[in-house]
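Reading the structure
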Amino acid sequence: PGTYSVTLGNTLEIELQFAPSRYATGVWYIDEVEYTRGTKLSFTPEVVGTHELYLEVSNGELKTSRSAIITVQ
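This text gives an overview of the structure that appears in the document. Here the structure is a predicted model, which means the values were calculated and not measured.

A word on the nonpolar core. Membership of the largest hydrophobic core comes to 15 residues, with the highest contact counts inside it found for Ile 14, Trp 28, Leu 41, Leu 53 and Ile 70. For this core, the secondary-structure elements that each account for two or more residues are β2 (12–15), β3 (25–30), β5 (40–43), β6 (49–58) and β7 (63–72). If sequence neighbours within four positions are ignored, Ile 14 has contacts with Tyr 4, Trp 28, Thr 39, Lys 40, Leu 41 and Leu 53.

Along the polypeptide, His 51 turns up in strand β6. With relative accessibility at 12%, the residue His 51 sits in the buried group. Within the structure, the side chain of His 51 is placed 2.7 Å from the side chain of Asp 31, a separation counted as a polar contact. The contacts of His 51, once residues within four sequence positions are left out, are Ile 30, Asp 31, Phe 43, Ala 68, Ile 69, Ile 70 and Val 72.

Quick look at the environment of Leu 41 now. Take Leu 41: it is sitting in strand β5. Overall, Leu 41 belongs to the buried group, its relative accessible area being 1%. In this structure, the C-alpha to C-alpha distance between Leu 41 and Trp 28, residues 13 residues apart in sequence, is 7.2 Å. Among all residues touching Leu 41, those that are not within four sequence positions of it are Leu 12, Glu 13, Ile 14, Trp 28, Ile 30, Tyr 35, Thr 36 and Leu 53.

Ordered in space as β1-β7-β6-β3-β4, the five strands form an open sheet in which the pairing is mixed. Two strands in the sheet have a free side with no partner beyond their single neighbour: β1 (2–6) and β4 (33–37). Adjacent strand axes in the sheet meet at a mean angle of 30 degrees when their direction is disregarded. Bridge count for β6 against β7 is 10 bridges, and the pairing is antiparallel. For Ser 58, the partnering residue across the bridge sits in β7 and is Lys 63.

Each value, and the rule that gives it
- Residues numbered from 1 in each chain as written.
- Predicted model: local features only at pLDDT ≥ 70, side-chain atom pairs only at ≥ 80, totals over all residues.
- Heavy atoms only, no water.
- Core = buried A, V, L, I, M, F, W, Y, C linked by side-chain atoms within 4.5 Å.
- Buried < 20%, exposed > 50% of the residue type's maximum accessible area, 1.4 Å probe, protein only.
- Helix = DSSP H or I, 4+ residues; strand = E, 2+ residues; numbered from the N terminus.
- Contact = heavy atoms within 4.5 Å.
- Polar contact = N/O pair within 3.5 Å; in protein donor to acceptor, adjacent residues only side chain to side chain.
- Pairing = 2+ DSSP bridges.
- Axes fitted to C-alpha atoms, helices over the stretch in contact; angles between N-to-C directions.

As structure tokens, this is what we get:
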């Protein structure tokens, strides 16, 4: 999986394109809890440590996913 680093008090921002965008839905999860939906993630951590980031994109019939680790310093 990929890795991202963010300093406590700062915001991690990720923006991705899904194709075809008008039919695809992106759901972002942090530590297995749904965090937001859409093409953008804006995460401001409240504690130092690591978090699991998971993105699932679907268009009704097909699904794909990606995962990463967020390290908060």
